[in-house]
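# Examining the three-dimensional arrangement
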Protein chains: 2
Amino acid sequence: MTVEEAAEALSLPLFRLEGLLERGTVAERDGYLRFKKSVAGKERGTAYFEEAGDVVRGFPKIRRILMLDPGVPNRFEGEVVVEEKMNGYNVRIARAGSETVALTRGGVRCPYTEHWVHRLMGEEAFSDLPELVICGEMVGPDNPYVVSDAYGVESVQFFVFDVRRKGSNEPLPVDERRELVEGYGLSGVRELARVGAGETDEIREIVEDLDSRGREGVVMKDPAMDLDPVKYTTSSGNCKDLRYAFRYFQEYGADFIYPRAVREGFQAVEFEADMDERANRLGRAILEPLAETAVAGRKGERILEPVSVRVFDLSVVEEFERHLRSTGVDAIFREPEELDDGSYRVRIDRVRQGTDDKTANLLAGGFW
Amino acid sequence: MTVEEAAEALSLPLFRLEGLLERGTVAERDGYLRFKKSVAGKERGTAYFEEAGDVVRGFPKIRRILMLDPGVPNRFEGEVVVEEKMNGYNVRIARAGSETVALTRGGVRCPYTEHWVHRLMGEEAFSDLPELVICGEMVGPDNPYVVSDAYGVESVQFFVFDVRRKGSNEPLPVDERRELVEGYGLSGVRELARVGAGETDEIREIVEDLDSRGREGVVMKDPAMDLDPVKYTTSSGNCKDLRYAFRYFQEYGADFIYPRAVREGFQAVEFEADMDERANRLGRAILEPLAETAVAGRKGERILEPVSVRVFDLSVVEEFERHLRSTGVDAIFREPEELDDGSYRVRIDRVRQGTDDKTANLLAGGFW
């Protein structure tokens, strides 16, 4: 690659890209550049594939409202599509030259994700759609990033929520996207309703139903995708996040707690929720995982996050292990178990060294 | 003043002080310099009085443990003095030349505090102790900074917890300090117990008792003050702070919540607390004030923090109003009410503009 070619493909002045590379805001690895932050009009996670010359834009942040009313009527006109927001990790699939690549939110190619994409869709997936990026959520228990058991998925499954044009990042209209996705035999996220922009009571009922089933929330979309989508989450989604964050409090607690606390407060008011029940749920989501971690630390246990992967080829595990290490993740890979269908499940313990150290220090009477 | 004199009094190289002044880390106002941060071996709040040439060192941070056992035995030997940690604002009183000045934690002279110090102790207070700094907590309901009703104080009262040597910041031993304080007819913070460093069960009982009465916590001290004191707070203190922080969530929520959540988790484990009760208390301390703020915002009420001052001379109120404004505080002063003893109470509403704006924006469907 020449930096000139990359700059041209990214529509950036050469000196600008050189500056970003120098400061490390744009990083080069394994034949592609990636944007580690949103900068110069490119989303975080934007990738440029050197050999193929392809640009895959980052997935744009979906903004969040805390009040359905008047949040929804203020931002939409006419009809609103309410889709389920699923709890997994964000993946973009696209063709780069003669390969089908899968990128995580940050724009990193993940060999485990690619293994599943190839498995689910074939190595040549989307070779007939070189100008599109398929955006979706990888969901399920055999998931090294975000474990979720809420969806009845056995290992991992990919749910498409967006299809975008490669260079411009323009999204397809909702119906056009659904048709394309179905035509490929893929799953899309569930469409829960189409309502008028003023019908927030209906959306609220949907949210309450999702909440009661431990689901994460909704994304509201303009059918034509001319307006930006907006997200809204359930209380149980917020509390699940907090449970996770306070189990590994040193890694996540500080970043997770404040915005979720405020969301809970405003939702409790809009939904006229039972304050006692909400307070208890929120308090438990903070205290119980902290206590669990402190008790584990007292017993001398290491603070680890157990996850698993399932593969049809053990070389993927080796590759994934190298990959995790290269992204700075410390993890212990256990012995593979062979499953009935000839695949392998490998349990992985992510080492939460920050929480482990901090817990040990606090338990030893250390200063906060 | 010359900068040379100040540098000499502060034992700093001239160029160092000049640099700090230039960057605004040390600020000059009304005839004194103050350290806005801990830097160059001087605590935040350290002040240098230009005319008198006096240095009053900042009050050193007292560090916090989250586990009484082994936190206390690890840091102390022999006897430990357990004193009450009171919930008010930290004040240092010292002589500067021919004046008795009162400094807040940040090293700012506060005219309201000085009014009370002069009222309680006379204008010449401590004129016979020019080398000492009297450190204590201003506590009570007529308090523009930290309102507390827990102590049966009618307006405001000053409780001494430390006496230190001016230039070196060396503290007097506990008994010597108590004798001096009593000799001046002043109140000290309560001494709750003297226990062996290993007797953490006794300290825990004290904390549980304070907790049940809505008190803030304890400070543990070496009788000789050779070792650094250590603090520990009650759950009700933590939750009171959170109630305050989430009423004015935009100003305080993010900074307050995380450390207090972790404290609650570790305390619940050490105290083998009823998790349901603790979770409920914690959840309520977050949700209820948020809901209160959201509901007030919905009614179109401005988010204000009501405080009050009581003075024996109305000119102090004017001076205090100018003072608050000069420190960037926006507040509405109400009409003085004359009390039976000829003093005046003035209600002040501190404008919490950040929370007010954010609440209005979120209620209008704004993005988080």
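What counts and what doesn't
- Residues numbered from 1 in each chain as written.
- Chains lettered and ligands numbered in written order.
- Predicted model: local features only at pLDDT ≥ 70, side-chain atom pairs only at ≥ 80, totals over all residues.
- Heavy atoms only, no water.
- Least-squares fit on C-alpha atoms with pLDDT ≥ 70 in both.
- Pairing = 2+ DSSP bridges.
- Helix = DSSP H or I, 4+ residues; strand = E, 2+ residues; numbered from the N terminus.
- Contact = heavy atoms within 4.5 Å.
- 1 Å grid on protein atoms, 1.4 Å probe; cavity = no way out; pocket = protein on both sides within 12 Å on 5 of 7 lines; lining within 4 Å.
- Points joined across faces, edges and corners; volume = space filled by probe spheres on them.
- Nonpolar A, V, L, I, M, F, W, Y, C, P; charged D, E, K, R; others polar.
- Buried area = accessible area lost by both parts, 1.4 Å probe.
- Salt bridge = Lys/Arg side-chain N within 4 Å of Asp/Glu carboxyl O.
- Polar contact = N/O pair within 3.5 Å; in protein donor to acceptor, adjacent residues only side chain to side chain.
- Phe/Tyr/Trp six-rings, centres within 6.5 Å; stacked < 30°, edge-to-face > 60°.
- Buried < 20%, exposed > 50% of the residue type's maximum accessible area, 1.4 Å probe, protein only.
- pLDDT = per-residue confidence, 0-100.
- Disulfide = S-S within 2.5 Å.

## Points about the relation of the copies chain B and chain A
After a rotation of 180° and a shift along the axis of 0.0 Å, chain B superposes on chain A with an RMSD of 0.0 Å. Expressed as an axis order, the relation between the two copies is that of a two-fold axis.

## Regarding the sheet that holds strand 12 (residues 191–196) of chain A
Residue and element names in this part refer to chain A. The five strands lie next to each other as 5-14-13-6-12, forming an open sheet whose pairing is mixed. Looking at strand neighbours, the two that pair on one side only are strand 5 (63–64) and strand 12, the edges of this open sheet. By the bridge criterion, five bridges tie strand 6 (residues 79–85) to strand 13 (residues 217–221) in an arrangement that is antiparallel. Directly across from valine 81, in strand 13, lies its bridge partner lysine 221.

## Focus: the environment of isoleucine 257 of chain B
With respect to the element layout, isoleucine 257 of chain B can be found in helix 8 (residues 249–270). When the C-alpha atoms of isoleucine 257 of chain B and alanine 245 of chain B are compared, they prove to be 7.9 Å apart, with 12 residues separating the residues in sequence. Once you skip the residues sitting within four places of it in the chain, isoleucine 257 of chain B turns out to touch Ile257 and Tyr258 of chain A together with Leu242, Phe246 and Ile286 of chain B.

## Topic: empty space enclosed by the protein
Per the counting criterion, the structure on display carries two cavities of 30 Å³ or more. Taken as a whole, the largest cavity spans an internal volume of roughly 60 Å³. The wall of the largest cavity is formed by Arg64, Ile65, Leu66, Tyr232, Thr233, Asn238, Arg263 and Gln267 of chain A. Every element with two or more residues in the lining of the largest cavity is listed here: strand 14 (230–233) and helix 8 (249–270) of chain A. Counted as a void, the second largest cavity has a volume near 40 Å³. Lining the second largest cavity are Arg64, Ile65, Leu66, Tyr232, Thr233, Arg263 and Gln267 of chain B. For the lining of the second largest cavity, the secondary structure elements donating two or more residues are strand 14 (230–233) and helix 8 of chain B. Across the lining of the second largest cavity, the residue classes tally to three nonpolar, two polar and two charged.

## Here we look at the interface of chain B and chain A
Taken together, the contact between chain B and chain A spans 50 residues of the former and 50 residues of the latter. Taken together, the two surfaces of chain B and chain A that pack against each other cover about 4500 Å², and 73% of this comes from carbon and sulfur. Its largest share of buried area at the contact with chain A, chain B owes to Tyr258, Phe367 and Trp368 of chain B, together 18% of the area lost on that side. The tally of links between chain B and chain A comes to two salt bridges. Where chain B touches chain A, the interface holds 12 residue pairs in polar contact (both at pLDDT 80 or more). If you list the elements that add at least two residues to the side of chain B that touches chain A, you get strand 5 (63–64), helix 3 (68–75), helix 8, helix 9 (275–298) and helix 11 (353–363) of chain B. Among the elements that make up the side of chain B that touches chain A, the one with the highest residue count is helix 9 of chain B (16 residues). Across the side of chain B that touches chain A, the residue classes break down as 29 nonpolar, 10 polar and 11 charged.

## Concerning the sheet that holds strand 3 (residues 47–49) of chain B
Residue and element names in this part refer to chain B. Judged by pairing direction, the sheet is antiparallel, and its four strands sit side by side in the order 1-2-3-4 without closing on themselves. Both edges of this open sheet fall to strand 1 (26–29) and strand 4 (55–56), since each of them pairs with a single strand only. Judged from the two bridges that link them, strand 3 and strand 4 form a sheet pairing that is antiparallel. Bridged to alanine 47 within strand 4 is valine 56.

## What to know about the packing of aromatic side chains
All told, the structure shown has 30 aromatic pairs over all chains when counted by the stated rule. Ring centres of phenylalanine 126 of chain B and tyrosine 184 of chain B lie 5.6 Å apart, and the angle between their planes is 50°; this geometry places the pair in the tilted category. Of this pair, phenylalanine 126 of chain B sits in the loop between helix 4 (111–121) and strand 9 (132–139) while tyrosine 184 of chain B sits in the loop between helix 5 (174–183) and strand 11 (187–188), placing them 58 residues apart in sequence. For phenylalanine 126 of chain B, a relative accessible area of 4% gives the class buried. Of the residues examined, tyrosine 184 of chain B reaches a relative accessible area of 33% and is grouped as partly exposed. The rings of Tyr89, Tyr112, Tyr145, Phe320 and Phe333 of chain A are connected pair by pair, giving a single aromatic cluster.

## Examining the environment of valine 307 of chain B
Residue and element names in this part refer to chain B. Within the element layout of this structure, valine 307 appears in strand 15 (residues 304–311). Judged by relative accessible area, which is 6%, valine 307 ranks as buried. Valine 307 sits 39 residues away from valine 346 along the chain, and the two C-alpha atoms are 8.7 Å apart. Setting aside chain neighbours within four positions, we find valine 307 in contact with Asn143, Pro144, Val147, Val346, Arg347 and Ile348.

## A word on the pattern of salt bridges
Oppositely charged side chains can pair when the atoms bearing their charge come close. As enumerated under the stated definition, the model contains 65 salt bridges over all chains in all. Note that arginine 334 of chain A is salt-bridged to aspartate 349 of chain A, the shortest N-O span being 2.5 Å. Taken together, the residues span a long stretch of sequence, with arginine 334 of chain A in the loop between strand 16 (331–333) and strand 17 (337–338) and aspartate 349 of chain A in strand 18 (residues 344–351) at a distance of 15 residues. For the salt bridge of arginine 109 of chain B with glutamate 99 of chain B, the shortest nitrogen-to-oxygen distance reads 3.0 Å. Of this pair, arginine 109 of chain B sits in the loop between strand 8 (99–104) and helix 4 while glutamate 99 of chain B sits in strand 8, and the two are 10 residues apart along the sequence.

## Quick word on the confidence of the model for chain A
When pLDDT is averaged across chain A, the result is 96; 100% of the residues are at 70 or more. Taken together, the chains of this predicted complex give a pTM of 0.94 and an interface ipTM of 0.94.

## A short note on the state of the cysteines
Residues and elements named next belong to chain A. Under the counting rule described, the total for this entry stands at zero disulfides over all chains. No disulfide involves cysteine 110; its sulfur sits 16 Å from the nearest other cysteine sulfur, which is in cysteine 135. Exposure remark for cysteine 110: the relative accessible area of 0% places this residue in the buried category.

## Overview of the side chain of threonine 46 of chain B
Residues and elements named next belong to chain B. Structurally, threonine 46 is set in the loop between strand 2 (32–35) and strand 3. Side-chain polar atoms of threonine 46 contact the backbone oxygen of glutamate 43, separated by 2.7 Å. Aside from chain neighbours lying at most four places away, what touches threonine 46 is Leu10, Leu33, Arg34, Phe35, Val55, Val56, Arg57 and Gly58.

## What about the pairing of strand 8 of chain B?
Within a regular strand, the side chains alternate between the two sheet faces. Residue and element names in this part refer to chain B. Most of strand 8 is tucked away: five of the six residues are buried. As defined by bridge partners, strand 7 (residues 89–96) adjoins strand 8 across six bridges and the pair is classed as antiparallel. Looking across to strand 8, one finds that alanine 94 is bridged to valine 101. With antiparallel pairing between neighbouring strands as the criterion, strand 7 and strand 8 make up a hairpin whose turn holds two residues, including glycine 97 at a positive phi of roughly 60°.

## Comments concerning unusual backbone geometry
Working note: non-glycine residues mostly have negative phi, and peptide bonds are mostly trans. All names here are of chain A. Going from aspartate 69 to proline 70, the amide bond is cis rather than trans, its omega being 10°. Tracing the backbone through its elements, the reader meets proline 70 in helix 3 (residues 68–75). The backbone phi angle of alanine 40 is positive, close to 55°, even though this residue is not glycine. Looking at the secondary structure, you find alanine 40 in the loop between strand 2 (32–35) and strand 3 (47–49). Residue class for alanine 40 comes out partly exposed when judged on its relative accessible area of 25%.

## A look at the pairing of strand 2 of chain B
All names here are of chain B. Side chains Tyr32 and Arg34 project from strand 2 onto one buried face, and the interleaved Leu33 and Phe35 project onto a second face that is buried too. Of the strand pairs in this sheet, strand 1 and strand 2 are connected by four bridges, and their pairing is antiparallel. Looking across to strand 2, one finds that valine 26 is bridged to phenylalanine 35. The turn linking strand 1 back onto strand 2 is made up of two residues, and aspartate 30 within it adopts a positive phi angle of 45°. Note: strand 2 against strand 3, three bridges, orientation antiparallel.

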